[in-house]
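A look at the structure
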Amino acid sequence: LKENKISKEKLIEFWDWLLEKEFESKTYSGFGFWVNPNKEVISDEDIITLVSFVSPKAIHLGISVSNDKSTDFHIEMIGKFLKLYPNIYVQVMGIREIGEQGESFDESSLKRVTDIKKSLMDLNIQIDGGINRDTAKLAQLAGVDTVVVGSYIFNSPDINTAFLSLNKSLFV
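Procedures and definitions
- Residues numbered from 1 in each chain as written.
- Predicted model: local features only at pLDDT ≥ 70, side-chain atom pairs only at ≥ 80, totals over all residues.
- Heavy atoms only, no water.
- Salt bridge = Lys/Arg side-chain N within 4 Å of Asp/Glu carboxyl O.
- Helix = DSSP H or I, 4+ residues; strand = E, 2+ residues; numbered from the N terminus.
- Core = buried A, V, L, I, M, F, W, Y, C linked by side-chain atoms within 4.5 Å.
- Buried < 20%, exposed > 50% of the residue type's maximum accessible area, 1.4 Å probe, protein only.
- Contact = heavy atoms within 4.5 Å.
- Axes fitted to C-alpha atoms, helices over the stretch in contact; angles between N-to-C directions.
- Parallel < 35°, antiparallel > 145°, perpendicular 65-115°, else oblique.
- Left-handed = near helix turned anticlockwise from the far one by under 90°.
- Nonpolar A, V, L, I, M, F, W, Y, C, P; charged D, E, K, R; others polar.

Moving on to the pattern of salt bridges. A full pass over the atoms with the stated rule returns five salt bridges. Its salt-bridge partner being D115, residue K111 comes within 3.0 Å of it at the nearest N-O pair. With K111 and D115 both in helix α5 (residues 108-119) and four residues apart, the pair spans about one turn of that helix. Put simply, D145 and K117 hold a salt bridge, and the shortest N to O gap is 2.9 Å. With D145 in the loop between α6 (133-142) and β5 (146-148) and K117 in helix α5, this residue pair connects regions lying 28 residues apart in the sequence.

Next up, the structure:
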């Protein structure tokens, strides 16, 4: 919010508008709202407000885990959300600079995945950033449920081959 100069009030206004609309349920089925506690301080009141917005539509709520805060910090933050709302997933950042494309994989993110999975076993964890066929396999072995892949596939000279290579590394 601060980085993009979007006020919390503007975000709340958007969510009020979105959630009062009567979209088909499939519109919300894959729609996630991503909270980045690294960039914005989220108070307990903010958590309650956000959960009150997403819960009527059963929207997936994603919590970002970066490499610049302790895993304990993130586990505590995730726990606050889970006490109020079960439809949570975690996105661990596999790169240092959030938003950078094509950045190298940060192997310290694997320990974050392992630690979070150990504390919150039933939580869906995805990893995004620096993912290729080798790092996807490492992430899978660490406990991720989903890998988010962009640059590896779309910057490849042959996206079909890149996709098949990735798929083979994960499912063989």
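A few words on the nonpolar core. Judged by nonpolar contacts, the single largest core of 35 residues is most densely connected at L61, F81, V90, V92, I116 and I127. Beyond its immediate stretch of four places on either side in the chain, V90 contacts I63, V65, I78, I116, L123, N124, I125 and Q126.

Turning next to the packing of helix α4 (residues 71-84) against α5. For the pair α4 and α5, interaxial distance at closest approach is 10 Å and the crossing angle is 40°. Judged by the angle between their axes, α4 and α5 are oblique. Our pair here, α4 against α5, has a crossing hand that is right-handed. Contacts between α4 and α5 involve T71, H74 and I75 from the former and R112, D115, I116 and S119 from the latter. Of the residues contributing to the contact of α4 with α5, the split by class is two nonpolar, three polar and two charged.

All we've got here are geometric facts, nothing functional implied.
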